[in-house]
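# Structure at a glance
Listed here are the chains, written in short residue letters.
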Amino acid sequence: ALPTLADAAQALALDSIRDAASLEKFLHGYREQILRPLELPAILAAHQHAARNELRELIALDNALFHEARLKEFRTASLAVGRRQLAKLRPLRDQRFVQRYLRAVEDGEAHGWHTLVFGVFLAQYSLPLRQGLLLYSHRTLGGFLASASGALQLELAPSEDIFTAATEPLSPAVNELLAPVSL
């Protein structure tokens, strides 16, 4: 449910993806303009809100993301994925926070961004946050790469090199995001 590469490239004010170099530029742009400054912090915040049962704060974050201009082109796909994943949590009837967030999305109080649902999911199942953030990052960038690789007829080796270059800075970025706040 990712947006098309053309739409995503346009949202990031990048040229169309026509070769390996422009694909690498796109992945770098996405990582630096969307993934690191918006998506990873949103997952972390959703995880923290879910762990502390802070539904009002999660709904406020959800609504703030809706008005984030950089996410406009990604909104439809994100909400579709988020709502689908949140619906899969419906059977967890004894998990009050999940049910309340699901109800808020169904009632139109919240939108159900996929990043927020992922953060709630990580908290709900007590999954390691660092690994979850890295998994999300790799899957997202890998999804864009896979989408373009077929059209560009990229061979495996160059494709792996592009993926490595795109994901290499993520581990330090996640470590920085998770570093305790010093006072």
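Residues numbered from 1 in each chain as written. Predicted model: local features only at pLDDT ≥ 70, side-chain atom pairs only at ≥ 80, totals over all residues. Heavy atoms only, no water.

### Quick word on the nonpolar core
As a reminder, the rule being used: Buried Ala, Val, Leu, Ile, Met, Phe, Trp, Tyr and Cys residues form a nonpolar core when they are joined through side-chain atoms within 4.5 Å. Residue exposure (1.4 Å probe, protein chains only): buried if accessible area is under 20% of the type maximum, exposed if over 50%, otherwise partly exposed. Helical segments are the DSSP runs of H or I of at least four residues, strand segments are the runs of E of at least two, and each set is numbered from the N terminus. Pairs of residues are marked as contacts when any of their non-hydrogen atoms sit within 4.5 Å.
Counting 52 residues, the largest nonpolar core has L23, L27, Y30, Y101 and L116 as the members making the most contacts within it. Residue assignment for this core shows that the elements contributing at least two residues are α2 (20-51), α3 (55-66), α4 (75-88), α5 (96-106), α6 (114-124), α7 (129-152), α8 (156-167) and α9 (170-178). The residues touching L116, leaving out its near neighbours within four places in the chain, are A42, A46, L58, L61, D62, L65 and Y101.

### Considering a nonpolar patch on the surface
How we decide: What goes into a patch is any residue over 30% in relative accessible area without a salt bridge, connected to like charges within 9 Å or, for nonpolar side chains (Val, Leu, Ile, Met, Phe, Trp, Tyr), within 5 Å. Using a 1.4 Å probe, the Shrake-Rupley method yields the accessible areas, and only the shown protein chains count as cover for residues. By convention in these notes, a salt bridge is any Lys or Arg side-chain nitrogen within 4 Å of a carboxyl oxygen on Asp or Glu.
A contiguous nonpolar patch, built from F121, Y125 and L127 and spanning about 250 Å² of accessible area, is present on the exposed surface. With respect to the helices and strands, the residue L127 is situated in the loop between α6 and α7. Looking at L127, the relative accessible area reads 34%, which means it is partly exposed.

### Looking at unusual backbone geometry
Trans peptide bonds make up the majority, and among non-glycine residues the majority have a negative phi. The phi torsion at N53 lies on the positive side, around 55°, for a residue other than glycine. With respect to the element layout, N53 can be found in the loop between α2 and α3. In this model, S126 sits at a positive phi of 50°, which is unusual for a non-glycine residue. With respect to the helices, strands and loops of the structure, S126 is situated in the loop between α6 and α7.

### Things to note about α2
Note the threshold: At any given residue, the bend is defined as the angle formed between two axes, one fitted to the seven residues that end at that position and one fitted to the seven that begin there. Pairs of N or O atoms are called polar contacts if they sit within 3.5 Å, as long as, within protein, a hydrogen donor faces a hydrogen acceptor (for residues adjacent in sequence, only side-chain-to-side-chain pairs).
Of all bends in α2, the biggest is about 55°, found at L35, and the proline P37 comes one to four residues later. Among the residues of α2, the N-terminal cap falls to D19, whose side-chain oxygen and the backbone nitrogen of A21 are separated by 3.3 Å. Looking one or two places after α2, you find N53, whose phi comes out positive at around 55°.

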